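Chain by chain, the residues:
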Amino acid sequence: MTTPTYDVVVVGGGNAGFAAAHAAAERGRSVLLLERGLPDMAGGNSFYTAGATRISHGGLDDLRDIVVADERHAVTEVPAYTPEEYLADLVKVTDGRTDLAMADVLVHESADAVRWLSALGLRYRLMYERQAYDRPDGTYLFWGGLHIGNVGGGEGLMADHTAVAERLGTTVRYGARARSLVVEDGRVVGVRFTDEAEGAAVAHEVRAESVILAAGGFESSPQWREEHLGAGWAHAKVRGTPYNVGDMLRAAREIGAARGGDWSSCHSVQWDAEAEHNESNRELTNRLTRQSYPLGIIVNRDGARFLDEGADFRNYTYAKYGREILAQPGSIAWQVFDASLRPMLRTEEYDMPGIGVHVADSIEELAERAGIDAAGLARTVAAFNAAIDRDVPFDPTIKDGRRAEVVPPKSNWASPIETGPFYAYPVTCGITFTFGGLRGDLDGRVLREDGSPIDGLFACGEMLGGLFAGNYPGGSGLAAGMVFGRRAGAAA
């Protein structure tokens, strides 16, 4: 049987993989995309996102050509977000560990990448429900540097990508699990894979001039998490695809690829601890996150606070607080709000049936229902309420400086927990993706330990390490996938 041959083979059918495929196909290259998931499980982690995409821009007028029209635009303020601000945010949240050359590419090419995808057929909008607060005068103010997202969230993102790929002539093979790389005379010339329907016993091979790896990290493997992230990480809940188990990271390492980025940290969030089917949920996807925590307090089983809920806008803290909860007794915590705060919580995350929530008319009763130490929670709430600087106005649209001088402090948005009924939402650690990947150049060419490229091999998306460490600014993952996917597809 003749071995099929293409100009470019892309391994992984998420946002980065499709961006790479589009860029290659636009150059007239024949492209095969191997996606492990069958159509009902395809899309990688991208399917499970809200579609939020961080780009630099000059304000609403600069975005009108890429976002769908909305009557609210007339009463909306979208502050400009410059490349300099974007870079500063990357440096800040990673404690200076971002690769500055990669970061410079991201902040200067993200907007152009979105415009490129928009012209191809992807649809974007202003994310009112996630990134804006409606003000008393009926206007809207966006905050936190993250303003646009895909129409239909991650599901819409992947449906649009798939339609573009079909139009550009890319062949997509579903149910194909890539296992290893074919190497001849030091050059990658193909991929070996199995078909999920046939099982691992039947091997297939495809040849290509270039192979682009876009198969994600290792967050779906409990063994790899324990080895690289540390003890206890096997207990984290997998938010996205169950297929990112490190197959192609291992395959690339076996042929000499160097590790890139921070293999000891990841993107992890506060995730519903009690909802049924709280892993890889294709129906609820991102809505099992609990991201209104800056408004309330977070306590552990002892009723004690253990982090600053108001340290910064959610966009800059949410991806690191999952690991803080993993370290608590039982790897669980509770977000606590009172009746005055409850209407401000995100509707798409806190108002659907079947989620984990406990409600009571008193703090003590709330603790008993949730499984929190009642005396400990009562002490924490009383001390917190007494420590709030109530002379400072509460304003969730800015970092308002309304502090509670407790340990740890709450630096912004401190609001008393004093009006019943009271609410406790159980949260655990939900892992999104790992920050460690392969070392590559700015076009995604995979490098060896000595810095030399492995001919024929590229990486993008979560497989290309270097941008993130410890934390990341919300929405920069999808932006990085399209920027570096486009670069890899243009170079392959």
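In case you missed it, the structure is sitting above this.
Because the structure is a prediction, the values reported are computed rather than measured.

J.: Would you mind showing me how to read the side chain of glutamine 291 here?
T.: Here glutamine 291 shows up in the loop between strand S15 (266-272) and strand S16 (297-299). Excluding its chain neighbours within four sequence positions, the residues that come into contact with glutamine 291 are Arg130, Asn286, Arg314, Tyr318, Arg346, Glu349 and Tyr350.

J.: When you look at the sheet that holds strand S6 (residues 132-134) in this model, what are you seeing that I'm missing?
T.: The strands that make up a sheet pair up through hydrogen bonds in the backbone, lying either parallel or antiparallel. Here we have 3 strands laid out as an open sheet, ordered S4-S7-S6, and mixed in their pairing. The two strands at the open ends of the sheet, each matched to only one other strand, are strand S4 (76-77) and S6. In this sheet, strand S7 (residues 140-142) lies alongside S6 in antiparallel orientation, the contact comprising 3 bridges. Bridged to alanine 132 within S7 is phenylalanine 142.

J.: Would you explain the packing of helix H1 (residues 15-26) against helix H4 (residues 100-120) in this entry?
T.: What describes two packed helices is the angle between their axes and the distance between those same axes. Where H1 contacts H4, the axes come no closer than 12 Å and their chain directions differ by 70 degrees. Viewed along their axes, H1 and H4 adopt a mutual orientation that is roughly perpendicular. Listed contacts from H4 to Ala19, His22, Ala23 and Glu26 of H1 are Trp116, Leu117 and Leu120.

J.: Before we go on, may I ask you to explain unusual backbone geometry in this structure?
T.: For residues other than glycine, phi is negative in most cases, and the peptide bonds are mostly trans. With an omega of -5 degrees, the peptide bond running from valine 407 to proline 408 counts as cis. Within the secondary structure, proline 408 is located in the loop between helix H12 (374-386) and strand S19 (422-434). Cis geometry is adopted by the peptide bond preceding proline 421, which originates at glycine 420 and carries an omega value of 0 degrees. Summarising the element assignment, proline 421 is placed in the loop between H12 and S19. Despite not being glycine, aspartate 95 has its phi angle at roughly 55 degrees, a positive value. Mapped onto the fold, aspartate 95 is located in the loop between helix H3 (83-93) and H4. Even without being a glycine, threonine 285 presents a positive backbone phi close to 40 degrees. Locating threonine 285 in the fold gives a position in the loop between S15 and S16.

J.: In this structure, what is going on with the layout of surface pockets? I would like to understand it.
T.: Empty space left among the atoms is revealed by rolling a probe the size of a water molecule over them. Counted as a void, the largest pocket has a volume near 580 Å³. If you trace the largest pocket, you find 28 residues lining it, with Glu129, Ala132, Tyr133, Asp134 and Met344 closest to the centre. Considering every element that reaches the lining of the largest pocket, the biggest residue donor is helix H5 (residues 128-131), with 4 residues. Residue classes in the lining of the largest pocket are distributed as 14 nonpolar, 5 polar and 9 charged.

Conventions and cut-offs
- Residues numbered from 1 in each chain as written.
- Predicted model: local features only at pLDDT ≥ 70, side-chain atom pairs only at ≥ 80, totals over all residues.
- Heavy atoms only, no water.
- Helix = DSSP H or I, 4+ residues; strand = E, 2+ residues; numbered from the N terminus.
- Contact = heavy atoms within 4.5 Å.
- Pairing = 2+ DSSP bridges.
- Axes fitted to C-alpha atoms, helices over the stretch in contact; angles between N-to-C directions.
- Parallel < 35°, antiparallel > 145°, perpendicular 65-115°, else oblique.
- 1 Å grid on protein atoms, 1.4 Å probe; cavity = no way out; pocket = protein on both sides within 12 Å on 5 of 7 lines; lining within 4 Å.
- Points joined across faces, edges and corners; volume = space filled by probe spheres on them.
- Nonpolar A, V, L, I, M, F, W, Y, C, P; charged D, E, K, R; others polar.

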